Amino acid sequence: MFTFLLIVQTLVAASLVTVILMQRSEGGGLGVGGSTSGLMSARGAADFLTRATAVLATLFVLLSIVLAGLAAVDRSGTTSIDTSLAREAAPAAPITAPGDVPLATGDPLAGIAAKADNAQAPANTQGEVPLAE
């Protein structure tokens, strides 16, 4: 049902674009020729195109609402959330890195920060930028 209505929606949208482009605008546009010797007069064609635009636009909006409702109903029954990467409970004992540097359970970089605090650079009294060794 959803696929069928989606195809109908696409056809209505294409028809709506075509009917809008066929209308004569103040700036010329892609309007139909102004010849009155055709099947319909210019006035009759304008009335027909205006009515067709209104009908197609109303149909387009109604189909959009129906399709949105169908999509919401189809998705409400099932859950498609992947729970394979869900976090498990934290371990009971603290984790220690090699060299007996304790790590915080939630921060994997805590051991590196502790090592950086212990190895401070020598104080520079001359105001120069130290070079990397």
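Residues numbered from 1 in each chain as written. Predicted model: local features only at pLDDT ≥ 70, side-chain atom pairs only at ≥ 80, totals over all residues. Heavy atoms only, no water.

(A) Molecular detail of helix α1 (residues 2–22). The first and last C-alpha atoms of α1 sit 30 Å apart over 21 residues, in line with the 30 Å expected at 1.5 Å per residue. Among the residues of α1, L5, Q9, V12, L16 and V19 are the ones counted as buried. Buried residues of α1 fall within an arc of 95° about the axis and therefore sit on the same side. Across α1 from its buried face, at more than 90 degrees, point the exposed residues T3, T10 and L11. (Helix = DSSP H or I, 4+ residues; strand = E, 2+ residues; numbered from the N terminus. Expected span 1.5 Å × (residues − 1). Buried < 20%, exposed > 50% of the residue type's maximum accessible area, 1.4 Å probe, protein only. Arc of directions from axis to C-beta.)

(B) Seen up close, the confidence of the model for the chain. Here the chain averages 73 in pLDDT, while 44% of its residues score no lower than 70. By mean pLDDT, the top-scoring element of the chain is α1 (94), and the lowest-scoring one is strand β2 (residues 101–102) (58). Predicted confidence for residues 35–39 stays below pLDDT 50, and this span has zero contacts to residues more than four positions away or in other chains. (pLDDT = per-residue confidence, 0-100. Contact = heavy atoms within 4.5 Å.)

(C) Main features of a nonpolar patch on the surface. A grouping of V61, L62 and I65 is seen on the molecular surface, where their side chains present a nonpolar patch of about 290 Å² in accessible area. As for its position among the elements, I65 is in helix α2 (residues 42–76). Owing to a relative accessible area of 56%, I65 belongs among the exposed residues under this scheme. (Patch = residues over 30% accessible without salt bridge, like charges linked within 9 Å, V, L, I, M, F, W, Y side chains within 5 Å. Areas by Shrake-Rupley, 256 points an atom, 1.4 Å probe, with all protein chains shown as cover. Salt bridge = Lys/Arg side-chain N within 4 Å of Asp/Glu carboxyl O.)

(D) Structural context of the nonpolar core. Formed by L5, V12, L16, V19, L49, A52, L56, L63 and L67, the largest nonpolar core amounts to nine residues. Broken down by secondary-structure element, the contributors of at least two residues to this core are α1 and α2. Sorting elements by how many residues they give to this core places α2 first, with five residues. (Core = buried A, V, L, I, M, F, W, Y, C linked by side-chain atoms within 4.5 Å.)

(E) Structural detail: the environment of L56. Take L56: it is sitting in helix α2. On the basis of relative accessible area, L56 is assigned to the buried category, the value being 15%. Taking the C-alpha atoms as reference points, L56 and S15, 41 residues apart in sequence, are found 7.6 Å from one another. Discounting residues that sit within four places of it in the chain, L56 has contacts with V12, S15, L16 and V19.

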